[in-house]
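Notes for the structure review
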Amino acid sequence: MDQSTYSGRVFQATLFCLCGFLLLPLLIIILILESPIQPEVFRLKDPPVMRGCWEPNLKLREATRLFEDQILGPESIVNIGDVFFSGTADGKIVKLTGRRITTVTRLGRPPCGSRDDESTCGRPLGFQVGPNGTLIVADAYLGLFQVNPNTGEAMRLVAGGQVVSGRKLSFINDVTVTKDGKKLYFTDSSSRWQRRDFLNLIMEATADGRVLELDMETREVLVVMENLRFPNGITLLPGEESVLVAETTMARIRRVHVAGLNKGGMDTFVDNLPGFPDNIRPSSGGGFWVAMSTIRPNPGFSVLDFLSQRPWIKKFIFKLFSQDVLMKFVPRYSLVAELHDGGVCSRSFHDPNGVVAAYVSEVHEHDGSLYLGSFRSPYIAKLDLSQV
């Protein structure tokens, strides 16, 4: 055997051993480790072409940041007069007056600030103002509360973890209240996953989300609609016979009938949105503001659309990476839109890459401006509508 042939075989053997050494841990991961998610196959329609009302622009970049690095994760925003209220990632309910932030109350108990602490610290998400001037707060873990904005006194209305119709309230998300304050409607995004595992819920596409009703007089909690994939934001329609519910995983908004002749039914308000909707709030123009923190680009490539029919890839990804690592790869693109009856889009504001307003979760309109909540950013963004 000549020297070159021998050297070639040594090289091949070395390369084979090296590949085996590198691939063995990967094979062990694939074969032995269990994936934390058991994804379902589902199908989204091809994303709509982003033109017309959805034409990309940079209008959200005209926003200014308020309370930057003083408030983390202000998911939802309400106002009583010129005083604003929100919740934070470290479990506080805060009052925003001018440039000043004060703590109204804390629903949970410290320590706070880490993933492990969330379930006891609490995570206030959806906010509404009740007819008596109190705050109605949906905490992802601790339940629904009525909070006096002046004294901070909090009364629990529904307990997080409570079993309703055989399933736990594991991820209470958003809430809406009737004008007379007698009924609250709220979303429980999943009975399997908690808020801290929201990406698992999106990727698994679990259809275990529900819309529920609380009767404030009897304190009875009833299931209004079930089998939804990540029901998120919720708001009452003007006649109060129906609520709009963002079904985030399915990139659509459902209309759930909670009273009247159609009670118990559901139809679609808008289907096949160009992004994944979060909270829904009324606009001064008679429509509804919808916030989306990531989109399904067309033209372009939507990772979540691609993965929706490939559960094996999802399982493999979640064997290798944590949710925190995966969040870094989710493309940021902030999009807020005003939608009207029939799901007609009248205007939209964009911030590609989330340069100024990132991880938007809600649009709260007040006195000619939009105040943008965020589930992750350390600020509130304010957009003056007269400037766009």
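See the structure above.
Residues numbered from 1 in each chain as written. Predicted model: local features only at pLDDT ≥ 70, side-chain atom pairs only at ≥ 80, totals over all residues. Heavy atoms only, no water.

A closer look at the overall build of the protein
Within the protein, the regular secondary structure consists of six helices and 26 strands. The C-alpha extent of the protein, read off along each of the three principal axes, is 95 × 45 × 45 Å. Looking at the protein as a whole, 53% of its 388 residues are labelled buried. Partitioning the contacts of the protein with sequence separation of at least 6, the portion at a separation of at least 24 is 56%. (Helix = DSSP H or I, 4+ residues; strand = E, 2+ residues; numbered from the N terminus. Buried < 20%, exposed > 50% of the residue type's maximum accessible area, 1.4 Å probe, protein only. Contact = heavy atoms within 4.5 Å.)

Some details on the environment of R65
Note on placement: R65 falls in strand 1 (residues 64-66). Among the residues examined, R65 registers a relative accessible area of 33% and is labelled partly exposed. Each C-alpha atom, one on R65 and one on L383, is 9.0 Å from the other, the two residues being 318 residues apart in sequence. Residues within four places of R65 in sequence aside, it is in contact with V355, V356, Y379, I380 and A381. In terms of polar contacts, R65 uses its side chain to reach the side chain of E68, at 2.7 Å. (Polar contact = N/O pair within 3.5 Å; in protein donor to acceptor, adjacent residues only side chain to side chain.)

Thoughts on unusual backbone geometry
Across the junction of P110 and P111, the peptide omega takes the value 10 degrees, indicating a cis bond. By the element assignment, P111 lies in the loop between strand 5 (100-106) and helix 2 (118-121). Residue N298 is joined to P299 through a cis peptide bond whose omega torsion reads 10 degrees. Examined against the element boundaries, P299 turns out to sit in the loop between strand 21 (288-295) and helix 4 (303-307).

Here we look at the environment of V330
Structurally, V330 can be placed in the loop between helix 6 (323-327) and strand 22 (333-340). Here the alpha-carbon distance between V330 and D117, two residues 213 residues apart in the chain, equals 24 Å.

Here we look at the pairing of strand 24 (residues 360-366)
Counted residue by residue, strand 24 has seven buried out of seven residues, so it is predominantly covered. As paired elements, strand 24 and strand 25 (residues 369-374) share six bridges and run antiparallel to each other. Following the sheet pairing, H366 is matched in strand 25 by S369. (Pairing = 2+ DSSP bridges.)

Things to note about the nonpolar core
Grouped together as the largest cluster of nonpolar side chains are 32 residues, with contacts concentrated most on I93, L135 and V147. Where this core is concerned, the elements lending two or more residues are strand 6 (124-129), strand 7 (135-139), strand 8 (143-147), helix 3 (198-204), helix 5 (311-320) and helix 6. The leading source of residues in this core is helix 3, at five residues. Residues contacting L135, with those up to four places away along its chain left out, are V78, I80, F85, I93, F127, Q128, V129, F145, Q146, V147 and P149. Of all hydrophobic cores here, the second largest spans 19 residues; its members include L244, A246, L273 and L335. (Core = buried A, V, L, I, M, F, W, Y, C linked by side-chain atoms within 4.5 Å.)

Section: a nonpolar patch on the surface
Together, L320, F321, V325 and F329 make up an exposed nonpolar region whose accessible area comes to about 370 Å². Following the sequence through the fold, F321 ends up in the loop between helix 5 and helix 6. Residue classification places F321 among the partly exposed residues on the basis of a relative accessible area of 40%. (Patch = residues over 30% accessible without salt bridge, like charges linked within 9 Å, V, L, I, M, F, W, Y side chains within 5 Å. Areas by Shrake-Rupley, 256 points an atom, 1.4 Å probe, with all protein chains shown as cover. Salt bridge = Lys/Arg side-chain N within 4 Å of Asp/Glu carboxyl O.)

Observations concerning the sheet that holds strand 1
The four strands lie next to each other as 1-26-25-24, forming an open sheet whose pairing is antiparallel. Every interior strand has two partners, whereas the edge strands, strand 1 and strand 24, have only one. When the angles between neighbouring strand axes are averaged without regard to direction, this sheet yields 30 degrees. Here strand 25 pairs with strand 26 (residues 380-384) via four bridges, running antiparallel. Among the inter-strand pairings, L370 is bridged to a residue of strand 26, identified as L383. (Axes fitted to C-alpha atoms, helices over the stretch in contact; angles between N-to-C directions.)

Section: the sheet that holds strand 2 (residues 77-80)
Two pairing modes exist for strands in a sheet, parallel and antiparallel, and in both the strands are linked by backbone hydrogen bonds. Strand order in this open sheet of four strands is 2-3-4-5, and the pairing throughout is antiparallel. Both outer strands of the open sheet, strand 2 and strand 5, are each paired with one neighbouring strand and no more. Taken over all neighbouring pairs, the strand axes of this sheet differ in orientation by 25 degrees on average, direction set aside. Relative to strand 4 (residues 92-97), strand 3 (residues 83-87) runs antiparallel, the two being bridged by four bridges. Looking at the pairing, G87 lines up with I93 of strand 4.

A look at the pattern of salt bridges
Applying the stated criterion across every chain, the model contains 19 salt bridges. Here R192 and E204 are joined by a salt bridge, their closest N and O atoms 2.8 Å apart. Here R192, found in the loop between strand 13 (183-188) and helix 3, pairs with E204, found in helix 3; they are twelve residues apart in sequence, far enough to count as distant. Given the relative accessible area of 44%, R192 is considered partly exposed. Through salt bridges with shared partners, a single ionic network connects D174, R281 and E362.

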